[in-house]
Amino acid sequence: MQMAQIKKPIAITLGEPAGIGPDLTLQLFANKQKKPLPHMVVFGDAAFLSARAERLQLDLDICQISNISEAVDLESDTLPVIEVGATATDAPGFLDRENAGVVTSSIEAAVAAVRGDECRAIVTAPIHKSNLYEAGFKYPGHTEFLAALCGENGVSPRPVMMLAHKEKRAIPVTIHISLKEVFSRLTVGRIVETVRVAHHDLQQKFGIAAPRIGVTGLNPHAGEDGAMGDEEETIIKPALAELKERFDIRTDGPLPADTAFAPHIWSGYDVIVAMYHDQALIPVKAIGFDAGVNVTLGLPIVRTSPDHGTALSLAGTGDASPTSMYEAIMLADKMTNKGAA
Ligand SMILES: NC(=O)c1ccc[n+]([C@@H]2O[C@H](COP(=O)([O-])OP(=O)(O)OC[C@H]3O[C@@H](n4cnc5c(N)ncnc54)[C@H](O)[C@@H]3O)[C@@H](O)[C@H]2O)c1
Ligand SMILES: N[C@H](C(=O)O)[C@H](O)COP(=O)(O)O
């Protein structure tokens, strides 16, 4: 990658103003002499961030800029902020629908900056999903919103959610849907598409030449030969056969999901693809909630985020751990600096 590309900042979104997202960005920036960070620019509201920094008793220079190119020339201890045309209220722990505008505008502006080649990756701070829904937000989460923002000619890429704790990675085939819906949304095509995206991005974005991919079953004991459900026989095995025959992608599975994430099995794979959200996310959050990273695969841009949510009760206290946010920033940096993570 070119030097000029490396110097482009990483776009950080504001996240839910009532939550810990803004705090973590400020805490990390205030500590950057001890724990260095790549260049970054926050998309949000400078006045709000100044108020939150004061509340957290962080000694920080926050500077509103109008062009991203200005970020690179600032003193290294000044946090650059691009205004997004909406403001946020500094009321930690108190959700306010009125803040939905700044939350979504921040994501939109950050994506536009990456797609416009002004920033090199986006790191999103947590959003409060139900607060956004109440304000009319139509996407289940960032993952689906980002795919829509990256669409072209009315076609959106198929986003794939991957949670990672160091080298342990897990992907859910179905994402933000009710458990009841999983049964109708789990199809051969969806599994094939998910594994293909994972295989491609592990090669291209993580530098893993021959990704080792495990795929779980849906039912207890991967169906116990059909005695505990037949989705393994009718959906998952045909999908794995198609991956091998049509795309030359080899996988192991269906693996019983309760043992697939045992450390000695999980460590034999670069990723384990599971059938639904909690099957994949529980193991990652259980082994490393403090340092897990959420990466969206399948997009034309690099996007990472911490693995936790808004933790409203910790907002404004300074007690939230910034480690997962730090790992998200450093993974985005690594993925865009060297093409490998
Ligand atoms: N990337 C995202 O935008 C994202 C990710 C997960 C959840 N969420 C959203 O966050 C909201 C709250 O979700 P939740 O309560 O299930 O999960 P949560 O991650 O906000 O909180 C779960 C528990 O972990 C603690 N916690 C979370 N982050 C912490 C940190 N950095 N340091 C110390 N403790 C921390 C919380 O205090 C709480 O006890 C929901 O609206 C959910 O949709 C957003
Ligand atoms: N399911 C994710 C998690 O628990 O970490 C989270 O809700 C984030 O999803 P988005 O990145 O799509 O907002």
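Worth saying up front: this structure is predicted, and the values here are computed from it rather than measured. (Residues numbered from 1 in each chain as written. Chains lettered and ligands numbered in written order. Predicted model: local features only at pLDDT ≥ 70, side-chain atom pairs only at ≥ 80, totals over all residues. Heavy atoms only, no water.)

## Observations regarding a negative patch on the surface
Part 1 of the reasoning: Negative charge collects at one region of the surface, where Asp59, Asp61, Glu75 and Asp77 lie side by side.
Part 2 of the reasoning: According to the relative accessible area criterion, aspartate 61 is partly exposed, its value standing at 45%. (Patch = residues over 30% accessible without salt bridge, like charges linked within 9 Å, V, L, I, M, F, W, Y side chains within 5 Å. Areas by Shrake-Rupley, 256 points an atom, 1.4 Å probe, with all protein chains shown as cover. Salt bridge = Lys/Arg side-chain N within 4 Å of Asp/Glu carboxyl O. Lys, Arg positive; Asp, Glu negative; His and termini not counted. Charge placed at Lys NZ, Arg CZ, Asp CG, Glu CD. Buried < 20%, exposed > 50% of the residue type's maximum accessible area, 1.4 Å probe, protein only.)

## What about the packing of aromatic side chains?
Part 1 of the reasoning: Counted under the stated rule, the structure contains four aromatic pairs.
Part 2 of the reasoning: Between the aromatic rings of tyrosine 139 and phenylalanine 145, the centroid separation amounts to 5.1 Å while the plane-to-plane angle is 35°, which identifies the pairing as tilted.
Part 3 of the reasoning: Looking at tyrosine 139, the relative accessible area reads 30%, which means it is partly exposed.
Part 4 of the reasoning: Overall, the relative accessible area of 5% leaves phenylalanine 145 in the buried class.
Part 5 of the reasoning: Measuring from ring centre to ring centre gives 4.9 Å for phenylalanine 261 and tryptophan 266, while their planes differ by 85°; the resulting arrangement is edge-to-face. Neither residue differs from the other here; phenylalanine 261 and tryptophan 266 are each classed as buried.
Part 6 of the reasoning: Site record: aromatic cluster; members linked through ring pairs are Phe137, Tyr139 and Phe145.
Part 7 of the reasoning: Its guanidinium or amino end placed over the ring of tyrosine 326, lysine 35 lies 4.2 Å from that ring's centre, counting from NZ or CZ.
Part 8 of the reasoning: The cationic tip of arginine 196 hangs over the ring face of phenylalanine 247; the distance from NZ or CZ to the ring centre is 3.9 Å. (Phe/Tyr/Trp six-rings, centres within 6.5 Å; stacked < 30°, edge-to-face > 60°. Lys NZ or Arg CZ within 6 Å of the ring centre and 35° of its normal.)

## Re the side chain of aspartate 23
Part 1 of the reasoning: Counting through the fold element by element, aspartate 23 comes out in helix H2 (residues 21-30).
Part 2 of the reasoning: When its relative accessible area of 1% is taken as the criterion, aspartate 23 is described as buried.
Part 3 of the reasoning: Among the polar contacts listed, one links the side chain of aspartate 23 to the side chain of arginine 52, at a separation of 2.6 Å.
Part 4 of the reasoning: Apart from residues no more than four positions distant in its own chain, aspartate 23 is found in contact with Arg52, Leu56, Leu314, Ala315, Gly316 and Thr317. (Helix = DSSP H or I, 4+ residues; strand = E, 2+ residues; numbered from the N terminus. Polar contact = N/O pair within 3.5 Å; in protein donor to acceptor, adjacent residues only side chain to side chain. Contact = heavy atoms within 4.5 Å.)

## Let's talk about the site of ligand 1
Part 1 of the reasoning: Around ligand 1, the structure places 15 residues, and the nearest of them are Ile127, Gly309, Thr310, Ala311 and Ser321.
Part 2 of the reasoning: Histidine 308 places a side-chain nitrogen or oxygen 3.3 Å from a nitrogen atom of ligand 1.
Part 3 of the reasoning: Of the residues contributing to the shell around ligand 1, the split by class is seven nonpolar, seven polar and one charged. (Near = heavy atom within 4 Å. Nonpolar A, V, L, I, M, F, W, Y, C, P; charged D, E, K, R; others polar.)

## With respect to the site of ligand 2
Part 1 of the reasoning: Near ligand 2 you find Lys129, Gly141, His142, Thr143, Met161, His176, His277, Leu281, Lys285, Asn294, Arg303 and Asp307, and these make up its full shell.
Part 2 of the reasoning: In isolation ligand 2 has 350 Å² of accessible area, and contact with the protein removes 88% of it.
Part 3 of the reasoning: Contributing elements (two or more residues each) for the shell around ligand 2: helix H7 (142-149) and helix H13 (277-288).
Part 4 of the reasoning: Each of domain 1 (1-157 + 299-341) and domain 2 (162-288) contributes no fewer than three residues to the shell around ligand 2. (Domains from an automatic or database assignment.)

## Looking at the nonpolar core
Part 1 of the reasoning: If you look at the biggest cluster of nonpolar residues, it comprises 88 residues, and the most contacted ones within it are Phe43, Ile191, Phe206 and Leu297.
Part 2 of the reasoning: Element by element, the count of residues in this core is highest for helix H5 (residues 100-115), at eight residues.
Part 3 of the reasoning: Met161, Ala260, Ile272 and Ala274 belong to the second-largest nonpolar core, a separate cluster that totals 14 residues. (Core = buried A, V, L, I, M, F, W, Y, C linked by side-chain atoms within 4.5 Å.)

Honestly, that's just the spatial picture; any functional story needs more than this.
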